[in-house]
Amino acid sequence: MTDNDRPLAVFDLDNTLADTAHRQRFLERSPRDWDRFFAAAPQDPPLAEGVALARESAEECEVVYLTGRPERCRRDTVDWLAAQGLPEGRIWMRRNNDRRPARRTKLEILRELARTREIRVLVDDDELVCEDAERAGFTVVRARWAAASAALKVAQEREGRT
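Figured I'd write up the structure that's included with this text. Being a predicted model, the structure only gives us computed values, none of them experimental.

1. So, unusual backbone geometry
At step 1: In this structure, P31 follows S30 across a cis peptide bond, with omega equal to 0°.
At step 2: The backbone of N15 sits at a positive phi, close to 65°, despite the residue not being glycine.
At step 3: Structurally, N15 is set in the loop between β1 (8–11) and α1 (34–39).
At step 4: For N15, a relative accessible area of 4% corresponds to the buried category.

2. What to know about the environment of R103
At step 1: Along the chain, the position of R103 falls in helix α4 (residues 102–114).
At step 2: Under the relative-accessibility criterion, R103 is labelled partly exposed at 24%.
At step 3: As a C-alpha pair, R103 and G68 span 35 residues in sequence and 9.4 Å in three-dimensional space.

3. Observations concerning the pairing of β1
Consecutive side chains of a regular strand alternate in pointing toward one face of the sheet and then the other.
At step 1: Burial of the side chains of β1 extends over both faces: L8 and V10 are buried on one face and A9 and F11 on the other.
At step 2: One ladder, built from four bridges, connects β1 with strand β2 (residues 62–70); its direction is parallel. Counted as the bridge partner of F11 is Y65 from β2.
At step 3: Inspection of the sheet shows β1 paired to strand β4 (residues 119–124) by four bridges, in the parallel sense. Across the sheet, A9 pairs through a bridge with V121, a residue of β4.

4. Focus on the side chain of D44
At step 1: Relative to the helices and strands, D44 resides in the loop between α1 and α2 (48–57).
At step 2: Note on D44: relative accessible area 3%, which makes it buried.
At step 3: A polar side-chain atom of D44 sits 2.6 Å from a polar atom in the side chain of H22.
At step 4: If we skip the residues at most four places from it in the chain, D44 touches D14, A18, D19, T20, H22, R23, R69 and W80.

Rules of the game
- Residues numbered from 1 in each chain as written.
- Predicted model: local features only at pLDDT ≥ 70, side-chain atom pairs only at ≥ 80, totals over all residues.
- Heavy atoms only, no water.
- Helix = DSSP H or I, 4+ residues; strand = E, 2+ residues; numbered from the N terminus.
- Buried < 20%, exposed > 50% of the residue type's maximum accessible area, 1.4 Å probe, protein only.
- Pairing = 2+ DSSP bridges.
- Polar contact = N/O pair within 3.5 Å; in protein donor to acceptor, adjacent residues only side chain to side chain.
- Contact = heavy atoms within 4.5 Å.

As structure tokens, then:
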């Protein structure tokens, strides 16, 4: 079976694989400091549950990453994934000026991927993303192993930032 025949396991990054707790403070002030929030991402500790699930998924699936992080964070993201020993995989990121809610951008990409590949699972911490993906017929694992952040939730839904 070639990689193109394998089903996809789609993983979110922030609070699914990467613990963002140390950088939440940049979102808890007014105005939010997005530049510093994203600049601190390379220091995110890995979340053991998510990392283990990604590695386990790679045994049967091609692992890909679907994040609300802006495109300008690509190099840091690629380096972070490699430093954690996570499976190599394509990374879908938000355009730098895209402010749509994560549930819209992610569902759009999932549907596009599903046209040509089986999506075995989506693993994400955003409840709204998970609910919409399930309604669209995708199998979802809710990443509930990181501390919830009200500021990040607002950022994902109302500000279209992550």
